[in-house]
Amino acid sequence: MGGPLEGIRAIVLTQAWAGSLSTELLALMGAEVVQIEARRRLDSWRGSYDGPVPAGLRTVPTAVHAWNCSPNFNAVNLSKQELTLDLQSEEGIELFRGLIPYADIMVENFSPRVVGNLGIDYEALTAIKSDLIMCSLSAYGADGPWRNIPGIGGTIEPTSGQSGLLGYVDGPPLNSGRMFPDGVAGTYGFAALVTALHYRNRTGCGQYIDLSMQESNYGLIGDAVLEQAATGNVRPRMGNRHLTFAPHGIYPALGQVVGQVVGQVPGHAGGEEHWVALAAESAQQWAALCAVAERPQWASDTRFATNEARKLHEDELDAEIAAWTAEQERDEAVAALQAAGVVAAPVLDGFEVAADPTFRARGYVQDVDHPEAGVHAQFTAPFRLSGTPLEPARAAPLMGEHSEEVLSRFLDIDHDDYERLVESGVTGKGPPPGYEG
Amino acid sequence: MTNGDAVTDDAAARALDDVRVIDLSTSVAGTWCTRLLADFGADVIAVEPPGGSLLRSLAPFADDGTSVIASYVLANKRSIMLDVGHPQGRRALSAMVRESQIVVESGTPGTLDSWGIGLDQRDARWPKQILVSVTPHGQDGGREHLPGNDLTAYAYSGWASVNGLADREPLKGSGYTGSYLAGVAAYAGAVTALCYADQHEGEGQHVDVAESEAAGIVFAPALLATLYAGAVAGRKPGMDLMTGPVPVRDGHFALTLSRAHFWRDAMTVLGLDELSADRRFDSGWYHREHRDEFMPLVQERMAQRDKMELFDALGTMRVVAGPVLDTAELSENEHLRARAAFVRPSEDPEGLEYPGAPFVMSETPWALDRRAPRAGENAVRVLRDAADYTDDWIGGLAEQGVLG
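Bear in mind that the values here come from a model prediction, so they are computed numbers and not experimental data. (Residues numbered from 1 in each chain as written. Chains lettered and ligands numbered in written order. Predicted model: local features only at pLDDT ≥ 70, side-chain atom pairs only at ≥ 80, totals over all residues. Heavy atoms only, no water.)

1. Comments concerning the overall build of chain A
(1) Moving on: If you tally the helices and strands in chain A, you get 19 helices and 12 strands.
(2) Moving on: Over its C-alpha atoms, taken along the principal directions, chain A stretches across nearly 80 × 55 × 45 Å.
(3) Moving on: Within chain A, the proportion of its 437 residues that are buried is 62%.
(4) Moving on: A separation of at least 24 residues holds for 70% of the contacts in chain A among residues at least 6 apart in sequence.
(5) Moving on: When the accessible surface of chain A is totalled, it reaches about 15,300 Å², and 51% of it is carbon and sulfur.
(6) Moving on: Put simply, chain A has 29 plus and 56 minus side-chain charges, and the middle of one group is 3 Å from the middle of the other. (Helix = DSSP H or I, 4+ residues; strand = E, 2+ residues; numbered from the N terminus. Buried < 20%, exposed > 50% of the residue type's maximum accessible area, 1.4 Å probe, protein only. Contact = heavy atoms within 4.5 Å. Areas by Shrake-Rupley, 256 points an atom, 1.4 Å probe, with all protein chains shown as cover. Lys, Arg positive; Asp, Glu negative; His and termini not counted. Charge placed at Lys NZ, Arg CZ, Asp CG, Glu CD.)

Below, the structure written as structure tokens:
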């Protein structure tokens, strides 16, 4: 049992987050994914050849190459194989073209003109493999006046309208803590590929997918876009508040000092912040919240009598709730609220997430053994299919880990030829020949 | 064109036009999944309770009183109101489910069983059905019976812990972005199951999507960064050039200096030639460690510029940059207009403009055909198409009040 997409093969040029995530989901669903990377310009998510190994890995004897120990890269490339190829060299391009007959899917997230310049655009590749499914994932899409403007999550978030809506009620627009638009575009990229696969299953026809990070993310504020079209209202930033329901927020629990800066302290054990997320989405939940908090005066307060009244007096309401939560142990308050049917959750940090029994029981968090970084908890596929259980996730590949195997298996490159290709820098592992750090 | 076949061949094919979907979901996440199924060609029937879906009571509202969010997530679907508390209502639902390949729901585990269309029935009677459950916490693992929403998804996934500012409370994503992302994941899971069915004699299965795990998509790198660093990733003390939008003369602007040439060219555009020439700034880690030495000067220069002028100047040099655009500015955006990223439903050409396709497919395009239906608007047609009911039967259901 290899997962629902067993038998599908993807030869991909994805890098950084969104592109790599789209093809990681293929791999987690059982497809064979060969990721191709250039030694001369390593995936930006591996960092750089001269970067440091992360602090927490410095006592791990196998963690010697920073580019193989990047949390960013290793988080979004699970279960793939990797081949390095210098696509700037004729030999590298020929090897790449030689692999295409074996591919069902090709994905790339270079700037739009790059694949054309390399002679590997959709037209060129379908001349080799007529039913190929190819997806190009770019900042602004394959055409239009902004097509050649580069972008990353941190700039797509502003230009897709998300930053303008993200932030505290009294504060400026923010970018998210981790670039949300990449996660969106990557998930949409995978969605596009399986949509095309279903059509190919029906008809035998492949196709080309043009995925703009801006457009895929813009749709996620679509209700604000429609609101503006329908009413002329430009929606303000709302913090953790909900358009309809109150209360709806994240409040400090016992031990939380508001204003304290936590994070990036080596030796941190986790669980040092204490926040309760809670919401009441019905009259019953509001009544239950008042009961759990032992605040009958809330229930009888006309300012809080209906959801409409609570929305009108949300500042006072939030202050009252925060004063209550500040005296409660986080997990005790959450348990009591949940038992009473109120929407509630603790805000977990990375260490707590890694240990979370629900995520582990569901197989969403798995311990993944990486040959250099060691064993660490990782998130895996965000959906589960009952009839096609998945194999355990495999660690992200080391740079060039499967180069020789892939070239041998598909293109009959023998060991001597492989060594020659390594010497000339066409493939191999780590910094290219002549690299000076 | 000389015959009907030619007309069919000329019409754009739709990737999922072989699929009928029963949409029982009551959440934004579930209904976004089915909206995408509809946009790529599936016939999606929203089954609403008497009085209409709760989504129709969510703010904000258009001038005519209709919920904007409901207009967004219910578009492209047909609607029937059905009282599943009534035996005839359950019977009609069961008939529709039997004739459909995909069922999407968002209820607490056990809800479908009480309607006679749960997993046991699926396995015994409709093994080709793909049942998609989109719920806050998933179908098992210990939290499955707890209520939840995007707030709890962001809290449990870890994402809230890194979002917002370090000296403030953690932030969830704005609006319904987290719910939509879960909807995209559910769509992807449903179509993955379709691909499996294509190759395995139509065999269906149960797709289990937890909104908290979909939110984990955006936390996955921060999770591993936490474990590799031996320190929580945490929230940033404030937005600066390395992390997000900073003030410019007419708004806010992001200039993430993630590559050496971005730095050189951006400093040139800002008239800071000395910083542009400083080779030490070629390294990302050097920026981070010495941010205090250059940040005030750079941000002072940026505060004197207009965002679109700056974007044009930097874009010409292929520097990664982005102005913060609001919904009014987006609706006039020349690039999105050129890409046809605003669409009126083809059957409602005078209606509101919707955001367009999330991705462009060369052979099987996304399409928005219908505005959101009124609750129960298509009941008669749906019962004829999807349940093979005769008009007499349908009349009987209406008389008994089963159709809401």
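2. Some points on the overall build of chain B
(1) Moving on: Per the secondary structure count, chain B includes 20 helices and 12 strands.
(2) Moving on: For chain B, the C-alpha atoms occupy an extent of roughly 85 × 60 × 45 Å along the three principal directions.
(3) Moving on: Across the 404 residues of chain B, 62% fall into the buried class.
(4) Moving on: Look at the contacts in chain B between residues 6 or more apart in sequence, and 67% of them connect residues 24 or more apart.
(5) Moving on: About 14,500 Å² of surface is accessible on chain B, with carbon and sulfur atoms providing 48% of the total.

3. Observations regarding the confidence of the model for chain B
Residues and elements named next belong to chain B.
(1) Moving on: Confidence in the prediction of chain B, expressed as mean pLDDT, is 93, and 97% of residues score 70 or more.
(2) Moving on: Residue range residues 1–10 is modelled with pLDDT below 50. Its contacts to residues more than four positions away, or to other chains, number 3 contacts.
(3) Moving on: Quick note on the complex model: pTM equals 0.97, ipTM equals 0.98. (pLDDT = per-residue confidence, 0-100.)

4. So, the packing of helix H4 (residues 87–98) of chain B against helix H19 (residues 379–387) of chain B
Residue and element names in this part refer to chain B.
(1) Moving on: One can describe the packing of H4 onto H19 by two numbers: an axis separation of 8 Å at closest approach and a directional angle of 55°. As the angle between them shows, H4 and H19 are arranged oblique. Seen from H4, the contacting residues are Ala-92, Ala-95 and Met-96; seen from H19, they are Val-382, Leu-383, Ala-386 and Ala-387.
(2) Moving on: Grouping the constituent residues of the contact of H4 with H19 by class yields 7 nonpolar, no polar and no charged. (Axes fitted to C-alpha atoms, helices over the stretch in contact; angles between N-to-C directions. Parallel < 35°, antiparallel > 145°, perpendicular 65-115°, else oblique. Nonpolar A, V, L, I, M, F, W, Y, C, P; charged D, E, K, R; others polar.)

5. Describing the nonpolar core
(1) Moving on: If you look at the biggest cluster of nonpolar residues, it comprises 210 residues, and the most contacted ones within it are A:Leu5, B:Leu16, B:Leu37, B:Leu255 and B:Met302.
(2) Moving on: Each residue touching B:Leu37, except ones within four places of it in the same chain, is listed here: B:Leu16, B:Val21, B:Ala42, B:Val44, B:Ile102, B:Val104, B:Tyr187 and B:Val191. (Core = buried A, V, L, I, M, F, W, Y, C linked by side-chain atoms within 4.5 Å.)

6. Concerning the sheet that holds strand E7 (residues 246–248) of chain B
Residue and element names in this part refer to chain B.
(1) Moving on: Read across the open sheet, the 3 strands follow the order E7-E8-E9; overall the sheet is antiparallel. Only two strands of the sheet have a single neighbouring strand rather than two, namely E7 and strand E9 (322–323).
(2) Moving on: By the bridge criterion, 3 bridges tie E7 to strand E8 (residues 251–254) in an arrangement that is antiparallel. Its bridge partner being in E8, Val-246 is matched across the sheet by Phe-253.
(3) Moving on: Relative to E8, helix H16 (residues 307–316) is tilted by about 20°, and along the sheet it contacts E7, E8 and E9. (Pairing = 2+ DSSP bridges.)

7. Topic: the interface of chain B and chain A
(1) Moving on: Listed as interface residues are 152 residues of chain B and, on the opposing side, 160 residues of chain A.
(2) Moving on: Summing both sides of the interface, chain B and chain A together bury roughly 12,900 Å²; the carbon and sulfur share of this comes to 64%.
(3) Moving on: As a salt-bridge pair, B:Glu213 and A:Arg362 come within 2.7 Å of each other at their nearest N and O atoms.
(4) Moving on: Put simply, chain B and chain A have 55 residue pairs in polar contact (both at pLDDT 80 or more) between them. (Buried area = accessible area lost by both parts, 1.4 Å probe. Salt bridge = Lys/Arg side-chain N within 4 Å of Asp/Glu carboxyl O. Polar contact = N/O pair within 3.5 Å; in protein donor to acceptor, adjacent residues only side chain to side chain.)

8. Digging into the sheet that holds strand E1 (residues 20–23) of chain B
(1) Moving on: The sheet built from 7 strands is open, its strands ordered E12(A)-E6(B)-E5(B)-E4(B)-E1(B)-E2(B)-E3(B) with mixed pairing. At either end of the open sheet lies a strand with only one pairing partner, and these are strand E12 (384–385) of chain A together with strand E3 (78–81) of chain B.
(2) Moving on: Inspection of the sheet shows strand E5 (residues 130–135) of chain B paired to strand E6 (residues 206–210) of chain B by 5 bridges, in the parallel sense. Directly across from B:Leu131, in E6(B), lies its bridge partner B:His206.
(3) Moving on: Seen against the sheet, helix H2 (residues 28–39) of chain B touches E1, strand E2 (43–48), strand E4 (102–105) and E5 of chain B and runs at an angle of roughly 150° to E4(B).
(4) Moving on: Of the strands in this sheet, E1, E2, E3 and E4 of chain B are in contact with H4(B), which crosses E1(B) at around 145°.

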